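# Summary of the model geometry
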Amino acid sequence: MRVVFMGTPDFAVPSLERLAEACEVTLVLTRPDAVRGRGRSLVPSPVKARALELGLPVTECSKITPEVLAQLTAATPDVICVAAFGCILPDEVLTLAPAGCVNVHASLLPRWRGAAPIQRAILAGDAETGVSIMRIGHGVDTGAYCAQASTPVGQKGAAELTAELARLGADLLVETLPAVVDGSAAWVEQDEAQVTHAAKISKAELLLDPADPARVNVLRVQASGDTAPARCVVAGRGVRVCAVRPADGEKDLAAGAVLAAHGRVLLGCVEGALELVRVKPDGKREMDASAWAAGLRGEGLTWERA
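Every value quoted in this text rests on a predicted model; they were computed, and no experiment measured them.

Of the regular secondary structure elements, the chain holds eight helices and 18 strands. Looking at the chain as a whole, 48% of its 306 residues qualify as buried. Restricting to contacts in the chain with at least 6 residues of sequence separation, those with at least 24 account for 64%. In the structure as shown, the chain presents an accessible area of about 14500 Å², 51% of it carried by carbon and sulfur atoms. Separation of charge centres in the chain, based on 31 positive and 36 negative side chains, amounts to 8 Å.

Glancing now at helix α6 (residues 158-182). Its 25 residues give α6 an end-to-end C-alpha distance of 36 Å, which sits within 8% of 36 Å, the value for a rise of 1.5 Å per residue. At Thr176, α6 shows its strongest bend, of approximately 40°, with the proline Pro178 following within four residues. Remark: Gly183 follows α6 within two positions and exhibits a positive phi of approximately 85°.

With respect to topology, seven strands assemble into an open sheet ordered β5-β2-β1-β6-β7-β9-β10, the strand pairing being mixed. Edge strands, defined here as strands with exactly one partner in the open sheet, are β5 (58-60) and β10 (145-152). Across the sheet, the mean angle separating the axes of adjacent strands is 20° when strand polarity is ignored. Pairing analysis gives five bridges linking strand β1 (residues 2-7) to strand β2 (residues 24-30), with the strands arranged parallel. Following the sheet pairing, Arg2 is matched in β2 by Glu24. Where helix α3 (residues 66-74) meets the sheet, its contacts fall on β1, β2 and β5, and the angle it forms with β2 comes to roughly 165°.

As a further point, take the packing of helix α1 (residues 13-22) against helix α2 (residues 46-53). Where α1 contacts α2, the two axes come as close as 9 Å, and the packing angle between them is 25°. In terms of orientation, α1 and α2 fall into the roughly parallel class. At the point where α1 passes α2, the crossing takes the right-handed sense. Contact residues: Val13, Leu16 and Glu17 in α1; Pro46, Val47, Arg50 and Ala51 in α2. Taken together, the residues of the contact of α1 with α2 break down into five nonpolar, no polar and two charged.

For soluble globular proteins, the rule of thumb is that nonpolar side chains tend to be buried together. Grouped together as the largest cluster of nonpolar side chains are 43 residues, with contacts concentrated most on Phe5, Leu19, Cys81 and Leu177. Ranked by residue count, the leading element in this core is α6, at nine residues. Beyond its immediate sequence surroundings of up to four residues, Leu19 is in contact with Val3, Phe5, Val25, Cys81, Leu173, Val174 and Leu177. Listed in part, the 24 residues of the second largest apolar core include Val218, Leu267, Leu276 and Leu301.

With respect to the secondary-structure elements, Thr176 resides in helix α6. For Thr176, a relative accessible area of 9% puts it in the buried group. Within the structure, Thr176 has its side chain in polar contact with the backbone oxygen of Leu172 (distance 2.7 Å). Non-local contacts of Thr176, meaning those with residues more than four positions away in its chain, are made with Ile133, Cys146 and Ala147.

Following the criterion strictly, the structure yields 20 salt bridges and no others. Where Arg111 meets Asp126, a salt bridge forms, and the shortest distance between an N and an O atom there is 2.9 Å. In this pair, Arg111 sits in the loop between β7 (101-105) and β8 (113-114) while Asp126 sits in the loop between α5 (117-123) and β9 (128-135), placing the two residues 15 residues apart along the sequence. Residue classification places Arg111 among the partly exposed positions, given a relative accessible area of 32%. Close ionic contact of Arg113 with Glu192 constitutes a salt bridge, the shortest N to O distance being 2.8 Å.

On to the UniProt feature "binding site: (6S)-5,6,7,8-tetrahydrofolate" (unreviewed entry) in the chain, then. The UniProt record annotates "binding site: (6S)-5,6,7,8-tetrahydrofolate" (unreviewed entry) at Ser107, Leu108, Leu109 and Pro110. Locating Leu109 in the fold gives a position in the loop between β7 and β8. Here Leu109 falls in the buried class, since its relative accessible area comes to 3%. Dropping the residues within four chain positions of it, Leu109 is found in contact with Ser132, Met134, Asp141, Tyr145, Gln148 and Gln190. Within the element layout of this structure, Pro110 appears in the loop between β7 and β8.

Conventions used here
- Residues numbered from 1 in each chain as written.
- Predicted model: local features only at pLDDT ≥ 70, side-chain atom pairs only at ≥ 80, totals over all residues.
- Heavy atoms only, no water.
- Helix = DSSP H or I, 4+ residues; strand = E, 2+ residues; numbered from the N terminus.
- Buried < 20%, exposed > 50% of the residue type's maximum accessible area, 1.4 Å probe, protein only.
- Contact = heavy atoms within 4.5 Å.
- Areas by Shrake-Rupley, 256 points an atom, 1.4 Å probe, with all protein chains shown as cover.
- Lys, Arg positive; Asp, Glu negative; His and termini not counted.
- Charge placed at Lys NZ, Arg CZ, Asp CG, Glu CD.
- Expected span 1.5 Å × (residues − 1).
- Bend = angle between axes of the 7 residues up to and from the residue.
- Pairing = 2+ DSSP bridges.
- Axes fitted to C-alpha atoms, helices over the stretch in contact; angles between N-to-C directions.
- Parallel < 35°, antiparallel > 145°, perpendicular 65-115°, else oblique.
- Left-handed = near helix turned anticlockwise from the far one by under 90°.
- Nonpolar A, V, L, I, M, F, W, Y, C, P; charged D, E, K, R; others polar.
- Core = buried A, V, L, I, M, F, W, Y, C linked by side-chain atoms within 4.5 Å.
- Polar contact = N/O pair within 3.5 Å; in protein donor to acceptor, adjacent residues only side chain to side chain.
- Salt bridge = Lys/Arg side-chain N within 4 Å of Asp/Glu carboxyl O.
- UniProt positions renumbered as here; feature names shortened; annotations may be inferred.

So this is what it looks like as structure tokens:
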């Protein structure tokens, strides 16, 4: 089976690896090298780096130009597989391979169509999420799906859940692909009445707020990451909150109040309280909240939205 693969971030790497084991990957498309890190140097996408390690041909593009389309045509794929590529595909690509284009989407469609399905599932308090193998069409994640696999969300953070879904999606893709190519896959049209949309997460959405219940702030920390960190201001100091847990025994701590004692830092919310577990104070390294607590002194400490 000849496959063209399109993907860019870490989420897409397991799918590329599994396809390289099971199929003949004739071309890999990925987004161009990007400036990253403190050194501001050009860094290849995770997919490009892994494809080169596997000895696969790679083309970088931010859109499908006539030159890129010619390379895709020359690769003569039976099917095109996509995982978080980050580029709109024109009709010429969608119809190029006999079996079409299939996408590994990180949600149980039709729930959470869009750019941030994993974080949205966490923020909504979903009990489970999963992956769908779907056809790519003209709308955003509107195509029919032929396979799904689920996993509990629990207390998994966004990074952990993303890695788990990446592996789950890779296995499901390789398992499903033969039926896609031979035409025996059973496609299910999405129920439009059940659709929810997963808009990109803004940094402001993950700012902790004492005016919200503790459970809402816990979910913000759980859904946070480098591009949209969970932050607040404690005793006048900006801090990124990396890990937190509910402080169920502190029901009398007022909203906005801080209790720092015995190596613990508790933040009062309008309903319940939080205990900070790991923090990254502005200008400092990440540390256990117990170490940071030593620097919080005085009575009447407060916290607020950053």
